[in-house]
Amino acid sequence: MAQTIPVVIGVVVISFLLTRALPGDPAVYFAGDAADAASIQQVREALGLDKSMPQQFLIYVGDLLRGDLGQSLSSGQPVLTDLTYRLPASLELTLVALGLSCLIAIPLGVLAATRPGTWVDHLCRVLVTAGVSLPTFFTGVVLIYFFYYLTGWAPAPLGRLDFIYIEPDRVTGFYLIDSLLAGDIETFLGALKQLILPSITLALFTMAPIARMTRSAMISALSSDYIRTVRAAGLSRTTILRTYAFRNALLPVITTLGMVFSFSLGANVLVERVFAWPGIGSYAVDALVASDYAAVQGFVLAMALLFVFVNLLIDLLYSVVDPRIGFADNE
Amino acid sequence: MSSDLGTASVVATPTQPASYQSQSTLAHIIYVLRDNPVTLIAFIMLSVLVVCALFGHWIAPYDPLATDSSSILQPPSSQHWFGTDNVGRDVFSRVLVATRLDLQISIMAVSLSFVIGATLGAIAGYWGGWIDIVLSRFLDTIMAFPLFVLAMGIVAALGNTVENIIYATAIINIPFYARLIRAEVNLRRDSGFAVAAKLSGNSDLRVLVQHIFPNTLPPVMVQVSLNLGWAILNAAGLSFIGLGVRPPTPEWGIMVAEGANFIVSGEWWMAVFPGLALMFAVFTFNLLGDGLRDIVDPRKRK
């Protein structure tokens, strides 16, 4: 917690600076083309731009505390409403992709560490090297070509649900969960089909760091003294791997997961663009192209806060995985 | 292996003391390259990139901007190696010519972040104290943003131009350099040679710039190389979503974006070739970074 609060303050300060670093005079921009000097002055006062910087900052923080991120010019809605409406789409994609890449990368890293020099190890190395050189948007385009155009296995890359399905009632905003809650298996499968290609694209990108970290953490755990001791004590191979080596190797892997989450929030923007995914990434891109600054700044701030929150979760997860890490005030 | 060692030591035998340093460095590089063919391949790939960047405009068989309504969306052929795009421009020429712009953006961004990051990191690492605390807090804050998202925000705030893509890419890379150099300088601040330089009457600034800083460069160079690949990806990603580079300027990210519209109807060459060029460039810098690590890693030296 002590780490989180200064970072949140810093994030708010930087996003305030980004808001105020706009080229030109925002008042002129908001007043429109036909405005004269008097109406520009009026807009300036209405926006609070005539006040001093510290005063403006206080107003900005006050707005944030009330959840007011400003109005989006293109949708006419408050930015916060837009973001919360679209966030589930992005989170669904990111979480499914992260889950997928953990399911593949962690076993791969463990296998590579326990069998150095075999084909699993080489596969791991190839994946790690190729993974960091792959531009996500390009992987997405190539996957569309193979799995939509050539083989026709995947549905058209146009959003979260094909138009033949009816959108499930909004409970959580996650189509997979909502359709199950409504008991509509067909829609669930439809949503899953749409989700496969974008999440594989994102997973390919995130697998490399996870596999690399799992492999090196497992190697260093396996070469430690306590592993030698339990081996000498005659414990079975599975117990050694699972209980002693893997649990100790998990800590750096979780740290990497936090970093990977941050990367995938950025990569999400590109993947959403490729697959016409109606998440907050494509919302921000549309806003950027339309010079809708309030929406872009709201997006940047929301992403940063989300990432800070995830890091906090990871810190809490540490103490679950490793009881030696405690919090000073708990003891 | 033993014959390699033999040749290397013959080359390295100093004939004149003055040229010993450069000769042994060269011999060391030759030794490492021979030992590690992957690095050699990386250097060859890099020279291909450099040739494309420097001479791409002359090598290109067609004008990268010239449209030709008679040959639209042609698949790759002997006339158009990479096919033509939706307005009949030659994709091969465009991919070739784009090399310069893509490398320019990433090299300028990385140099900027290197200079700023190195200065900040060296000051914080050498003097420590409140400067160090303020800087570390500031860097933590930058790292708290998902970096690509922060780059988008910076471009939005500064304006949608190529220069601002460079600034945005530079800003999000500064923390990596500042942290690395801070750690390296801090490690050497009290080492023997630094104390000796200080005792013989050098000012703090001189000790830092002339004695400590050059010693931090090897690990930083590895970072630079890895970073170049990342900067290219980042800049191409930004132009993929329509920031910075404007059409019809040839640039890999924007070409993939244009090609993506045609991939669903099967015209794969428009997106695939610029994408492969991008991968080639990123892969080159990543390989090179790994190779440089072997060259500068003292444990590799005999």
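Since this is a predicted model, take the numbers as computed values, not measurements.

A. Spatial organisation of the side chain of B:Glu267. All names here are of chain B. Looking at the secondary structure, you find Glu 267 in the loop between α10 (252-263) and α11 (269-296). No salt bridge is formed by the buried Glu 267, whose closest oppositely charged neighbour, Arg 89, lies at an N-O distance of 14 Å. A distance of 2.8 Å separates a polar atom in the side chain of Glu 267 from a polar atom in the side chain of Ser 265. Other than its neighbours up to four places away in sequence, Glu 267 contacts Leu 73 and Phe 262.

B. Spotlight on unusual backbone geometry. A cis amide bond links B:Pro247 to the next residue, B:Pro248, at an omega of 10°. Counting through the fold element by element, B:Pro248 comes out in the loop between α9 (204-240) and α10. Here the phi dihedral of A:Ala276 falls at roughly 50°; this positive angle occurs in a residue that is not glycine. Since its relative accessible area comes to 42%, A:Ala276 is described here as partly exposed.

C. How the structure looks around the packing of helix α11 (residues 237-274) of chain A against helix α12 (residues 280-289) of chain A. Residues and elements named next belong to chain A. The N-to-C vectors of α11 and α12 enclose an angle of 85°; their axes lie 7 Å apart at closest approach. Comparing the axis directions of α11 and α12 gives the class roughly perpendicular. Packed against α11, whose contacting residues are Val 269, Glu 272 and Arg 273, the element α12 presents Ile 280, Gly 281, Ser 282, Val 285 and Asp 286 at the interface. Partitioning the contact of α11 with α12 into residue classes produces three nonpolar, two polar and three charged.

D. Spatial organisation of the nonpolar core. If you look at the biggest cluster of nonpolar residues, it comprises 162 residues, and the most contacted ones within it are A:Phe137, A:Phe299, B:Met152, B:Leu238, B:Phe240, B:Ile241 and B:Trp252. Both domains that meet at this core, namely domain 1 (4-65) and domain 2 (87-277 + 298-321) of chain A, each give it at least three residues. Sequence-distant contacts of A:Phe137, that is, excluding residues within four places in its chain, are made with A:Leu270, A:Val274, B:Ala236, B:Gly237, B:Phe240, B:Gly253, B:Val256 and B:Leu278. If you look at the next biggest cluster of nonpolar residues, it comprises five residues, including B:Cys52, B:Ala60, B:Phe92 and B:Val97.

E. Geometry of the interface of chain B and chain A. Listed by partner, the interface residues are 42 residues for chain B and 43 residues for chain A. Our enumeration of links across chain B and chain A arrives at zero salt bridges. Counting every contact that joins chain B to chain A gives one residue pair in polar contact (both at pLDDT 80 or more). Partitioned by chemical class, the residues of the side of chain B that touches chain A number 32 nonpolar, nine polar and one charged.

F. Quick peek at the packing of aromatic side chains. In the structure shown here, the tally under the stated rule is 14 aromatic pairs over all chains. Each ring, one from A:Phe147 and one from A:Trp153, has its centre 6.0 Å from the other, and the planes form 35°; the classification is tilted. Taking relative accessible area as the criterion, A:Phe147 reaches 29% and is therefore assigned partly exposed. By relative accessible area, A:Trp153 is classed as exposed at 66%. In this structure an aromatic cluster arises from ring pairing among B:Phe82, B:Phe92, B:Trp268, B:Trp269 and B:Phe273. Positioned over the ring face of A:Tyr175 is A:Arg160, at 3.7 Å from the centre of the ring.

Cut-offs and rules
- Residues numbered from 1 in each chain as written.
- Chains lettered and ligands numbered in written order.
- Predicted model: local features only at pLDDT ≥ 70, side-chain atom pairs only at ≥ 80, totals over all residues.
- Heavy atoms only, no water.
- Helix = DSSP H or I, 4+ residues; strand = E, 2+ residues; numbered from the N terminus.
- Buried < 20%, exposed > 50% of the residue type's maximum accessible area, 1.4 Å probe, protein only.
- Lys, Arg positive; Asp, Glu negative; His and termini not counted.
- Salt bridge = Lys/Arg side-chain N within 4 Å of Asp/Glu carboxyl O.
- Polar contact = N/O pair within 3.5 Å; in protein donor to acceptor, adjacent residues only side chain to side chain.
- Contact = heavy atoms within 4.5 Å.
- Axes fitted to C-alpha atoms, helices over the stretch in contact; angles between N-to-C directions.
- Parallel < 35°, antiparallel > 145°, perpendicular 65-115°, else oblique.
- Nonpolar A, V, L, I, M, F, W, Y, C, P; charged D, E, K, R; others polar.
- Core = buried A, V, L, I, M, F, W, Y, C linked by side-chain atoms within 4.5 Å.
- Domains from an automatic or database assignment.
- Phe/Tyr/Trp six-rings, centres within 6.5 Å; stacked < 30°, edge-to-face > 60°.
- Lys NZ or Arg CZ within 6 Å of the ring centre and 35° of its normal.

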